[in-house]
Amino acid sequence: MRFLSVFKHSPQRTSKGILAVGLFLCVFSAILVMLTPEPLQKLDRIAYDLMLHRLGEKPHNPNVLIVDVDEASLSRYGQWPWPRHLVARLLDTVRDGKPDSVGVDILFAEPDRSSMQFVNMDLKAYFDMELDISGLPPEVVDHDWALSRTLHRGTFYLGLMFRFGEGNTIQADVPDSRLAVTHVSRMGDGVQPFPVADGAVVAIPQLATAADGLGFVNAVPDSDGVLRRMPLFIRYGGNLYPSLALAAYMQSRQNETVVIASGPEGLVSIKAGKTLIPVDRQGFVALRFRGPSGTYPHISAADVLDGKISREVDLLVKSSPLHDVGKVGVRDSILLKPGPLTPSEVEEMKKHTVLGAETLARAESASSISDDTSFLKTAREIALTHHEKWDGTGYPYGLKGKNIPLSGRLMALADMYDALISERVYKKAMSHETAVAIIRNRCGTQFDPEIVKVFEALADEFLAINLEYADKKEV
């Protein structure tokens, strides 16, 4: 009992001790936050990574497509950098696909010296000779002219890179980004929380002014080499420049504006159109893991330049109407039966896939067209595999996942949507919303998850086509 009396008779000493300890802990914590030593940063990174792991992968936007200058492209068209007339041709083809916007993460910081005008200058300087290039078209004489024409005709944002630190000597006049930005401050001009650059690597003026605007490609990983956050804006020369990703996104939103709100202590919020982007007080956005390398769909630049992409789409358009041609070998009593089919009738109905493929194979042989560009080959592939399922429970062969040809996976979803929204002798038509819900629920079982994502993104277009070409009911 005696030791209890010490506390009983010393309340003032106890209160001062608790206050001193609390004050020390507060000051110590504040110093740790300001200094952010490596152990504390490491702990913060571990906590962030664990949080992302618990959240799981977030599906990517199916509207994002990456055209990649990959090894196949370099092997086909030569080492990098490519002459800019070839880059212009690539971007022209991309533009023909009518994208909402295109971010080009290539730095065109110097003129293209493979242009004939520079070749001629070198010939004159080193060999005292000169070629007559007066009759050549401008895109041959000046490859940058060809690229500038392409940039002027499309919705392209070019990349630039900012430099930081006293050792940087690269200075450049950077045109305005042309992105509509409204800055709202709670305290007059408020604070400018964004990083301030003291140098820039930017496209030559001929190209920078031809593009719709500019966006930076700076990204600094953490000390462990992992990229977890990036700035959305960087200030340079009195102007504010967006990241290339934000610039391309806003270009796709057309007339929407970025609204930046800040206060005395830093950034409050960034709103891109109707999308509120969570950021810290310095304007950095945390990146959420969306999957391993290759999660976003990639297309080889060589395939774009060679026209393979457009040919594939053309083959699908021509061949898909033949997907059910094998039903000509199925009895009308089964095709037109108003009620459920018996197990034996179901098995006979399933044969239409093999019958269709055999019929198209004979047609392909008779036509003497048997290469990979034949629409009959694609039609045969679709007829045979459009009832295979992603989880391997389909027919006729029980193919699974990407062992099912892409054409068959695409047709499987399109065929199901058409069957659901159409009236048949054995059922009434379903609504568009019901059809979308059914397809969504079969994602990963019947249908390729990536194709379902694209379908959901284009659901409004499916509805418009449905309304335009719906079966006309007899009056």
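Cut-offs used in this document
- Residues numbered from 1 in each chain as written.
- Predicted model: local features only at pLDDT ≥ 70, side-chain atom pairs only at ≥ 80, totals over all residues.
- Heavy atoms only, no water.
- Pairing = 2+ DSSP bridges.
- Helix = DSSP H or I, 4+ residues; strand = E, 2+ residues; numbered from the N terminus.
- Salt bridge = Lys/Arg side-chain N within 4 Å of Asp/Glu carboxyl O.
- Buried < 20%, exposed > 50% of the residue type's maximum accessible area, 1.4 Å probe, protein only.
- Patch = residues over 30% accessible without salt bridge, like charges linked within 9 Å, V, L, I, M, F, W, Y side chains within 5 Å.
- Areas by Shrake-Rupley, 256 points an atom, 1.4 Å probe, with all protein chains shown as cover.
- Core = buried A, V, L, I, M, F, W, Y, C linked by side-chain atoms within 4.5 Å.
- Contact = heavy atoms within 4.5 Å.
- Phe/Tyr/Trp six-rings, centres within 6.5 Å; stacked < 30°, edge-to-face > 60°.
- Lys NZ or Arg CZ within 6 Å of the ring centre and 35° of its normal.
- Expected span 1.5 Å × (residues − 1).
- Axes fitted to C-alpha atoms, helices over the stretch in contact; angles between N-to-C directions.

K.L.:
I would appreciate a short explanation of the pairing of strand E9 (residues 239-242) in the present structure.
P.N.:
Direction of pairing for strand E8 (residues 233-236) relative to E9: antiparallel, over a ladder of 4 bridges. Across the sheet, residue Arg235 finds its bridge partner in E9, namely Leu240. Count of turn residues in the E8/E9 antiparallel hairpin: 2 residues, of which Gly237 carries a positive phi of about 60°.

K.L.:
How do you make sense of the pattern of salt bridges when you look at a structure like this?
P.N.:
Pairing between side chains becomes possible if they bear opposite charge and their charged atoms approach one another. Applying the stated criterion across every chain, the model contains 21 salt bridges. One salt bridge connects Glu348 with Arg331, and the closest N-O pair in it is separated by 2.7 Å. In this pair, Glu348 is assigned in helix H14 (residues 343-350) and Arg331 in the loop between helix H12 (308-319) and helix H13 (332-335), connecting sequence segments 17 residues apart. With a relative accessible area of 22%, Glu348 lands in the partly exposed category.

K.L.:
Just checking my understanding: could you explain a nonpolar patch on the surface for this structure?
P.N.:
Taken together, Tyr126, Phe127, Met129 and Leu131 make up a surface patch of nonpolar side chains, about 480 Å² in accessible area. Here Phe127 is to be found in helix H6 (residues 116-127). Take Phe127: its relative accessible area is 58%, and that puts it in the exposed class.

K.L.:
Explain unusual backbone geometry here, please?
P.N.:
Trans is the prevailing form of peptide bonds, just as negative phi is the prevailing case for residues other than glycine. Cis rather than trans, the peptide bond between Trp80 and Pro81 has omega equal to 5°. With respect to the helices and strands, Pro81 occurs in the loop between helix H4 (71-77) and helix H5 (84-96). Following Tyr395, the chain continues into Pro396 via a peptide bond in cis, with omega recorded as 10°. Summarising the element assignment, Pro396 is placed in the loop between helix H16 (375-385) and helix H17 (406-421). At Lys98, a position not held by glycine, the phi torsion is positive, near 55°. Owing to a relative accessible area of 74%, Lys98 belongs among the exposed residues under this scheme. At Asp128, a position not held by glycine, the phi torsion is positive, near 55°. Counting through the fold element by element, Asp128 comes out in the loop between H6 and helix H7 (138-141).

K.L.:
Would you mind going over the nonpolar core with me for this structure?
P.N.:
Burial of nonpolar side chains together is a common tendency in soluble globular proteins. Judged by nonpolar contacts, the single largest core of 39 residues is most densely connected at Phe108, Leu158 and Phe162. Of all the secondary-structure elements, those providing two or more residues to this core are H5, strand E2 (102-104), helix H8 (143-153), strand E3 (156-163), helix H9 (205-208), strand E6 (213-216), E8 and helix H11 (301-305). When residues of this core are assigned to their parent elements, the largest contribution, 6 residues, is made by H5. Ignoring any residue separated from it by four or fewer positions in sequence, one finds Leu158 in contact with Val104, Phe108, Leu151, Ala203, Leu207, Ala208, Ala211, Gly213, Leu214, Gly215 and Leu244. One finds Phe194, Ala247, Met250 and Ala272 within the second-largest nonpolar core, a separate group that totals 18 residues.

K.L.:
Would you take a moment to explain the packing of aromatic side chains for this structure?
P.N.:
Each aromatic ring pair is described using two quantities: the centre-to-centre distance and the angle formed by the ring planes. Taken as a whole, this structure holds 9 aromatic pairs when the rule is applied. Between Tyr77 and Trp82, the ring centres sit 5.9 Å apart and the planes meet at 65°, which makes this aromatic pair edge-to-face. Just as Tyr77 is buried, Trp82 falls in that class too. Ring geometry for Trp80 against Trp82: centres 5.6 Å apart, planes inclined by 55°, an arrangement best described as tilted. The buried category is assigned to Trp82, whose relative accessible area is 4%. Ring-pair connections join several aromatic residues into one group, and the members of that group are Phe162, Phe216, Tyr236 and Tyr241. Of note, Arg76 hangs over the ring of Tyr77, and the distance from its end group to the ring centre comes to 4.6 Å. Stacked on the ring of Phe284, the Lys or Arg Arg229 has its end atom at 4.1 Å from the ring centre.

K.L.:
Could you clarify how one ought to interpret H17 in this entry?
P.N.:
Owing to its 3.6 residues per turn, the α-helix brings residues three or four apart onto one side. Taking 1.5 Å of rise per residue, 16 residues should cover 22 Å, and H17 covers 23 Å from first to last C-alpha, within 8% of that figure. Every buried residue of H17 is accounted for by Ser407, Gly408, Arg409, Met411, Ala412, Leu413, Asp415, Met416, Tyr417, Leu420 and Ile421. Here the buried face of H17 lies against H12, H16, helix H18 (432-441), helix H19 (449-457) and helix H20 (459-469).

K.L.:
What's the story with the sheet that holds strand E10 (residues 258-263) in this structure? I'm lost.
P.N.:
Strand-to-strand pairing in sheets goes through backbone hydrogen bonds, with the strands running parallel or antiparallel. If you walk across this open sheet you meet the 4 strands as E4-E10-E11-E12, and the pairing is mixed. Looking along the sheet, the strands with just one partner apiece sit at the ends: strand E4 (181-185) and strand E12 (275-277). Going from strand to strand, the sheet's axes swing by 20° on average, the running direction of each strand aside. Here strand E11 (residues 266-272) runs beside E12; their pairing, made up of 3 bridges, is antiparallel. From the neighbouring strand, Lys271 faces E12, where its bridge partner is Leu276.

Just geometry here; none of it tells us what the structure is for.
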